[in-house]
Amino acid sequence: MTEAAAPYKDDVVQARLDLYSKDGTIYGFPTHVGAFTTFYNTEALEGAGIDYTTIKTWDDFKEAGVKYNEETGKAFGVASTSVMFLEPLITAQLGGQFFDDAGNVQVNSPEVVETLSMMKDMQDAGAISTIPGGSPDSEEAYGAINDGDYAAIVYPAWYTSRFVDYMPDLAGKVAIAPAPVTDDAVVQTIGGGGTGAAVPAVSPNKDLAAEWLAFAKLSPEANVAVWEVLGFDPVNMAVWEDEEVTKNPENKFNKYFQTNLFDVLNEVKDGIGHFQSFSDPNWPTVDDTFRTVTLNEIYENGTSAQEALDQTQADLQNQLGQ
């Protein structure tokens, strides 16, 4: 796949190619960046006297969330229990990983403990709350967010499509902004999700298939369609500079949101990192354990981050034979 990507590589977000690469060889292509952004219900925030443009760090996010909760009695941000997105984002910002360089699991490392402790502290203070369905990307959550029960959703940029498709009552009320960062963040954002595609090595037409897939996933033409049809953030950054596409007033996504997604992407483009743990072959096991056990222990049962992560570390070491 490396050769097929060559014509487009200079314009593609490197972190997304890194997600599907090993030892300098590319084995798959992404569909979108999935850069974490924040979706703010500005109508709700203004009613509580909160200016979302002043929220730059997670400390700012917590302060705004506490104030919003006290003013309205409603939830501000989300502590997900059935999906693990924010935890990798914050861990990456802190410079941590869920595996060490040798591939051994380290989910109770200082950075991961700090991340989950930070999240738990925000929950205890009222800045974030669990959500129906376990994550913002569930049928139950769409209704709650559409009804104004949550005011700030930090999620990958492809979540634009969920607002347009499932939350019509918020049209014109939602602003997109960069995700909050930790102090001295190593990266500003990472990609969440990706929907990668590959070509089987045994295919009798593997070279043609790889060439076609590179066009379908990486070319400017295809990436225009990724935005206009799907509402996803395209991996080819040449599209980000084409204002006929990005600022088209007739685009349904541009019509829906108060701010322009590509203004946000261009603001963070130099800070998009690759979270190496996503490429580890044991990531699915870690992810499954967090989604079914660890996050529920912390956010639903009130177990401390350190205790829950120590137990998860022991369980995973046993399960993975480490």
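On a predicted model such as this, the values are computed, not experimentally measured, just so you know.

## Notes on the sheet that holds strand β6 (residues 152-156)
Then comes step 1: Reading across the sheet, the three strands line up as β6-β3-β7 and stay open at both edges, with antiparallel pairing between neighbours. Where the open sheet ends on each side, the last strands, each with one partner, are β6 and β7 (174-178). The sheet shows a mean angle of 30 degrees between the axes of neighbouring strands, taken without regard to direction.
Then comes step 2: As paired strands, strand β3 (residues 36-41) and β7 are joined by five bridges and run antiparallel to one another. Across the sheet, residue Thr37 finds its bridge partner in β7, namely Pro178.

## So, empty space enclosed by the protein
Then comes step 1: Applying the stated criterion across every chain, the model contains two cavities of 30 Å³ or more.
Then comes step 2: There is about 110 Å³ of room inside the largest cavity.
Then comes step 3: Lining the largest cavity are 16 residues, with Val78, Ser80, Leu86, Val154 and Tyr155 positioned closest to its centre.
Then comes step 4: At the level of secondary structure, the elements contributing two or more residues to the lining of the largest cavity comprise α4 (58-72), β4 (77-78), α5 (86-93) and β6.
Then comes step 5: At four residues, β6 tops the list of elements feeding residues into the lining of the largest cavity.
Then comes step 6: Looking at the lining of the largest cavity, its residues break down into 13 nonpolar, two polar and one charged.
Then comes step 7: In this structure, the second largest cavity occupies an estimated 30 Å³ of space.
Then comes step 8: As for the second largest cavity, its lining consists of Phe39, Tyr40, Asn41, Ile145, Tyr150, Ala151, Ala152, Ile153, Phe163, Leu170 and Val174.
Then comes step 9: Elements with a minimum of two residues in the lining of the second largest cavity: β3 and β6.
Then comes step 10: For the lining of the second largest cavity, the element with the highest residue contribution is β3, accounting for three residues.

## Considerations on α4
Every α-helix carries 3.6 residues per turn, so stepping three or four residues along brings you back to the same face.
Then comes step 1: For α4, spanning 15 residues, the distance from its first C-alpha to its last is 21 Å, which sits close to the expected 21 Å at 1.5 Å a residue.
Then comes step 2: Between a side-chain oxygen at the N-terminus of α4 and the backbone nitrogen of Asp59 the separation is 3.3 Å; the capping residue is Thr57.
Then comes step 3: Positive backbone phi, approximately 75 degrees, marks Gly73, located one or two places after α4.

## Considering the pattern of salt bridges
Then comes step 1: A full pass over the atoms with the stated rule returns nine salt bridges.
Then comes step 2: For Lys255, the salt bridge identified is with Glu250, shortest N-O distance 3.5 Å. Residues Lys255 and Glu250 agree in their burial class; the two are exposed.
Then comes step 3: For Asp287, the salt bridge identified is with Arg291, shortest N-O distance 3.0 Å. Of this pair, Asp287 and Arg291 both sit in helix α14 (residues 283-299), four residues apart, which is roughly one turn of that helix.
Then comes step 4: For Asp287, a relative accessible area of 16% gives the class buried.
Then comes step 5: One salt-bridge network, in which partners are shared between bridges, spans Asp287, Asp288 and Arg291.

Thresholds, definitions, all that
- Residues numbered from 1 in each chain as written.
- Predicted model: local features only at pLDDT ≥ 70, side-chain atom pairs only at ≥ 80, totals over all residues.
- Heavy atoms only, no water.
- Pairing = 2+ DSSP bridges.
- Helix = DSSP H or I, 4+ residues; strand = E, 2+ residues; numbered from the N terminus.
- Axes fitted to C-alpha atoms, helices over the stretch in contact; angles between N-to-C directions.
- 1 Å grid on protein atoms, 1.4 Å probe; cavity = no way out; pocket = protein on both sides within 12 Å on 5 of 7 lines; lining within 4 Å.
- Points joined across faces, edges and corners; volume = space filled by probe spheres on them.
- Nonpolar A, V, L, I, M, F, W, Y, C, P; charged D, E, K, R; others polar.
- Expected span 1.5 Å × (residues − 1).
- Polar contact = N/O pair within 3.5 Å; in protein donor to acceptor, adjacent residues only side chain to side chain.
- Salt bridge = Lys/Arg side-chain N within 4 Å of Asp/Glu carboxyl O.
- Buried < 20%, exposed > 50% of the residue type's maximum accessible area, 1.4 Å probe, protein only.

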